Amino acid sequence: MSSETTGASYASAGVDIEAGDRAVELMKEWVKKTQRPEVLGGLGGFAGLFDASALKRYERPLLASATDGVGTKVDIARRMGVYDSIGHDLVAMVMDDIVVCGAEPLFMTDYICVGKVHPERVAAIVKGIAEGCVLAGCALVGGETAEHPGLLGEDDFDVAGAGTGVVEADRLLGPDRIRTGDAVIAMASSGLHSNGYSLVRHVLLERAGALETEIAELGRSLGEELLEPTKIYSLDCLALTRTAEVHAFSHITGGGLAANLARVIPDGLHAVVDRSTWAPGAIFDLVGKTGNVERLELEKTLNMGVGMMAVVPAESTEVALATLADRGVDAWIAGEITERGEKTTGAELVGDYSA
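The present account deals with the structure reproduced in this document. A quick note: this is a predicted structure, and the numbers were derived from the prediction, not measured.

## Quick notes on the environment of Cys-113
Now for step 1: Mapped onto the fold, Cys-113 is located in strand S4 (residues 104-114).
Now for step 2: Residue classification places Cys-113 among the buried residues on the basis of a relative accessible area of 9%.
Now for step 3: The spatial distance from the C-alpha of Cys-113 to the C-alpha of Asp-156 is 8.4 Å, given a sequence separation of 43 residues.
Now for step 4: Setting aside chain neighbours within four positions, we find Cys-113 in contact with Ala-146, His-148, Leu-152, Asp-156, Phe-157 and Asp-158.

Here is the structure:
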């Protein structure tokens, strides 16, 4: 037996620096497509640079920031071997939170954690993030790809992101603007979006069959439905603020419609949303029936077909709906703001969903 031993190395520990470098090269072309004129430098620096002198046009600029991930939806992407659409979800979860206060999305950074760097997969994830940034009107100024061998399996990954936006102080949207008689406008979701997947996976992957199974009610495979990208509303919401008076937005994410809408309703007022004004998509009914999930539990977990809500003065509804229609957004008047009674909460759903 030789007395010589081979010394340990980063590669022998499971980290492939060359693969990481290859991934960076592959993603550069996609990141470049997101650039705004305020962005300085390119991909590869230690920090992304954004020229803040662009904010001089604001009287009192307020910076808005948010961070998020896409939860266990990444498990569906991994199982399906589809990696680009998950980036759309990430941008939507971050930038649609930022636009709620009326802020214009400026830039975003991402964090991708993998068990093993497969350059093409990482590049596909970044491609999706970059495409999402274009749809949100923001720049992707940097990010980090981390390889965690021993903690994650070779095909496992997770993504997270952080974003920054800006709004003029006197145009800040929120509870202070809402008044009795305001209308609540609902904007349709593209499907499940990126919340509730722990419940969805628990119900559907155990009881509805494999992801490749064609589901008649959905008109496509279960996996295709579950990977439907989250709709990005940022530019639609900003367009709405330019054409109509808007008092508040609510991004319908974890916790469901009522809980998220309640976050922007001031003390003393109450939002009443009528279920009969829309019919949730087939995927929501499938989750409910397959798992015998009660309606209240569904509504606390899933968006039920509504991804964003706007609170506007009643006299602004016509122009608001016209603006959204022109932008291809399916929207409708779903409720109104009333005075809060002694036993009411910030927001509630009433009636039954339309057939």
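Next, the rest of the story.
## Here we look at the sheet that holds strand S6 (residues 157-168)
Now for step 1: Within the open sheet, the 4 strands sit side by side as S3-S6-S4-S5. Their pairing is mixed. In the strand order of this sheet, the two ends are held by strand S3 (61-69) and strand S5 (139-147), each with one partner. For this sheet, the mean angle separating the axes of adjacent strands, direction not counted, is 15 degrees.

## Some details on the sheet that holds strand S10 (residues 248-251)
Now for step 1: With respect to topology, 6 strands assemble into an open sheet ordered S10-S12-S7-S13-S11-S14, the strand pairing being mixed. Each end of this open sheet is capped by a strand with a single partner; those strands are S10 and strand S14 (347-350). Across the sheet, the mean angle from the axis of one strand to that of its neighbour is 25 degrees, orientation sign disregarded.
Now for step 2: The pairing of strand S11 (residues 269-274) with strand S13 (residues 331-339) spans 5 bridges and is antiparallel. Within the sheet, the bridge partner assigned to Val-272 lies in S13 and is Glu-336.
Now for step 3: Across the sheet, helix H11 (residues 317-326) touches strand S7 (183-188), strand S12 (306-312) and S13, and the angle it forms with S7 is around 10 degrees.

What counts as what
- Note that residues are indexed from 1 along each chain, following the sequence as it is written.
- At least 70 in pLDDT is required for a residue's local features to be given in this predicted model, at least 80 for side-chain atom pairs to be given and counted, and no such filter applies to totals for whole chains, interfaces and linings, which use all residues.
- Side-chain figures throughout are based on the complete set of non-hydrogen atoms in the structure, without hydrogens or water.
- Secondary structure is summarised from DSSP: a helix means a run of H or I of at least four residues, a strand means a run of E of at least two, and numbering begins at the N terminus for each.
- Residue burial is assigned from relative accessible area. The probe radius is 1.4 Å, only protein chains are included, and a residue is buried under 20% of its type maximum, exposed over 50%, and partly exposed in between.
- Contacts are assigned to residue pairs with any non-hydrogen atoms lying within 4.5 Å of each other.
- Strands were regarded as paired on the criterion that DSSP finds at least two bridges between them.
- Helix axes are fitted only over the stretch in contact, all axes being lines through C-alpha atoms; the angle between N-to-C directions runs from 0 to 180 degrees.

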